Amino acid sequence: MAVRFPALLPLILTALQPAAVPTEPPPPCPWEMNKVKDIVEVNCTGRDLGAVPASLPENTGILLLNANRLLSISTAAFQTLPEDTGILLLNANRLLFVSTATFQTLPALQVLDLSDNGLQAVLTEAPLPSLKELLLSHNALEALPALQGLPALTRLALAHNKLQALAPAAFRAVLQLQDLDLRGNALRTLPEDVFMGLRALKDLDLSDNALEELPRGLLQDLVTLETLWLSGNRLRALPSGFFPEGHLFAYVFLTENPWRCDCDLVYLRSWILRNEGSVYEPERGLGKTKVEVAPEKVLCQSPSEHLQKPIIRFKPNCGHVGDAEEEEEYEFHYEESTLIYPLLASLSPVYPPSSEEPTTAPHTP
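Residues numbered from 1 in each chain as written. Predicted model: local features only at pLDDT ≥ 70, side-chain atom pairs only at ≥ 80, totals over all residues. Heavy atoms only, no water.

Participant: Requested: an account of the overall build of the protein chain, with residues and values cited.
Facilitator: Along its length, the protein chain carries three helices and 17 strands. Here the protein chain, with 365 residues, has 46% of them falling under the buried criterion. Across the protein chain, contacts joining residues at least 24 apart in sequence account for 49% of those joining residues at least 6 apart. About 18,700 Å² of surface is accessible on the protein chain, with carbon and sulfur atoms providing 56% of the total. (Helix = DSSP H or I, 4+ residues; strand = E, 2+ residues; numbered from the N terminus. Buried < 20%, exposed > 50% of the residue type's maximum accessible area, 1.4 Å probe, protein only. Contact = heavy atoms within 4.5 Å. Areas by Shrake-Rupley, 256 points an atom, 1.4 Å probe, with all protein chains shown as cover.)

Participant: How would you explain the environment of Val279 if you had to name every residue and give the values?
Facilitator: Along the chain, Val279 falls in strand S15 (residues 279–282). The spacing of Val279 and Glu292 is 13 residues in sequence and 8.6 Å in space, taken between C-alpha atoms. Those residues within four positions of Val279 in sequence are excluded, and the remaining contacts are Val252, Leu254, Trp271, Ile272, Glu292, Val293, Ala294, Pro295 and Val298.

Participant: Describe in detail the packing of aromatic side chains, supporting the description with residues and values.
Facilitator: Centre distance and the angle of the planes are the two values used to describe a pair of aromatic rings. Enumeration according to the criterion identifies nine aromatic pairs in this entry. Taking 5.1 Å as the distance between ring centres and 80 degrees as the angle between the ring planes, the aromatic pair formed by Phe242 and Phe243 counts as edge-to-face. Judged by its relative accessible area of 3%, Phe243 falls in the buried class. Centroid distance Phe243 to Phe249: 5.7 Å. Interplanar angle 80 degrees. Geometry classified as edge-to-face. A single burial state applies to Phe243 and to Phe249, both of which are buried. Members of the aromatic cluster, joined through ring pairs, are Trp229, Tyr251, Phe253 and Tyr280. (Phe/Tyr/Trp six-rings, centres within 6.5 Å; stacked < 30°, edge-to-face > 60°.)

Participant: Before we move on, could you go through the pairing of strand S2 (residues 40–43) and cite the residues and values that matter?
Facilitator: Here is the key point about a regular strand: its side chains alternate between the two faces of the sheet. In S2, alternate side chains face the same way, and those of Val40 and Val42 on one face and Glu41 and Asn43 on the other are all buried. Sheet analysis places strand S1 (residues 31–33) next to S2, joined by three bridges and oriented antiparallel. Within S2, the residue paired with Trp31 across the bridge is Val42. In this antiparallel pair of consecutive strands, S1 and S2, the connection spans six residues, and Asp38 shows a positive phi of 60 degrees. The pairing of S2 with strand S3 (residues 60–64) spans four bridges and is parallel. From the neighbouring strand, Asn43 faces S3, where its bridge partner is Leu64. (Pairing = 2+ DSSP bridges.)

Participant: Which residues make up the side chain of Ser302, and what are the values?
Facilitator: Tracing the sequence through the fold places Ser302 in strand S17 (residues 300–302). Residue Ser302 is classed as buried on the basis of its relative accessible area of 12%. A distance of 3.4 Å separates polar atoms of two side chains, one belonging to Ser302 and the other to Arg260. If we ignore the near neighbours within four places in the chain, the residues touching Ser302 are Arg236, Trp259, Arg260 and Cys261. (Polar contact = N/O pair within 3.5 Å; in protein donor to acceptor, adjacent residues only side chain to side chain.)

Participant: So what's going on with the confidence of the model for the protein chain? Residues and values would help.
Facilitator: Predicted confidence across the protein chain gives a mean pLDDT of 85, with 79% of residues reaching 70 or more. Segment residues 327–350: pLDDT under 50, and 17 contacts once partners within four positions in sequence are set aside and those in other chains are kept. (pLDDT = per-residue confidence, 0-100.)

Participant: Outline the state of the cysteines, supporting the account with residue identities and numerical values.
Facilitator: Within the structure shown, the criterion is met by three disulfides. Covalently, Cys29 is tied to Cys44 through a disulfide, its sulfur atoms 2.0 Å apart. Torsion about the S-S bond of the Cys29 and Cys44 cystine: about 115 degrees, corresponding to right-handed handedness. Within this pair, whereas Cys29 is found in the loop between helix H1 (9–16) and S1, its partner Cys44 is found in the loop between S2 and S3, the two being separated by 15 residues in sequence. For the pair formed by Cys29 and Cys44, the shared burial category is buried. If the cysteines joined by disulfides in the protein chain are listed in sequence order, their pairing comes out as 1-2, 3-5, 4-6. (Disulfide = S-S within 2.5 Å.)

Participant: Requested: an account of the side chain of Asn93, with residues and values cited.
Facilitator: For Asn93, the location among the structural elements is in the loop between strand S4 (87–89) and strand S5 (97–99). Since its relative accessible area comes to 7%, Asn93 is described here as buried. Looking at Asn93, its side chain comes within polar contact range of the main-chain nitrogen of Arg69, at 3.3 Å. Contact partners of Asn93, with chain neighbours within four places excluded, come to Leu65, Asn66, Ala67, Asn68, Arg69, Leu70, Asp116 and Asn117.

As structure tokens, this is what we get:
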């Protein structure tokens, strides 16, 4: 007959289990005075954090939470931070959805970096009245956030997402924008008034999309635009009058497009001839800071008889009045430029503003 010990079984099982090791809280994130901003910078970078630390210095002005494993952030996560916290880096985590309501306890927030997360949606339901820089690059956004409640925004980075289309007047809620980065998306065309009202915009990056054509009045409201990136698209021509008459650009990037050298390209060719010193080529693999003056690097890709020929050497015969005079003028200026460009190459180059890092990037130890 079997002997049963039902009362002893729980005790036996408990004794067989390994003793629980008390989990210690992670060590506090180091902090120091930021040498540029002269405020407290707390560095929680790369600490394998799954949640925002509960105990942070009360006088935190800059908080680095990048390169962790945050999956979500509660609306109470930053309630212990002072209201004057100005810079928050959350890039390189695992966030799929973010709402601006999460940061509503930080009314002085000026820089918010959410890049490289895999974000699928950003809800801007709660205002962030002081925010100047919103970095959303390297995510999975298929639609542009509504952007309401961000009246002070001057920089918006949306590079390397999945945007395929933009609505007319898409940026009407952020009219103070100075830097708009849309490179590396899947845009095929743009409404003529997509940038309506952006009279403060200085840098517009549309490179590495799938743009096949651009409307004539695309730049009409961009009266202060200095830098225009169009490289790496599918453009064959630009409409006559595309560049506003009399507008002087510091940098225009036109390379790596399948330009078709026929009569439809006469306008672009003429514009390049008149603005050779503004036409640049970016050097791939070096970010957006290494460039060189290179009007001769804008090349024909078709028809076959003009393949790889610089557009400025393409000689159109389209019956336009002034074609012959313009060609003679180009030959004269080209001879001069062969003497000037070697001299320019020996001088220290002037680089356009980079869109890779926050303009107010904090010091990291």
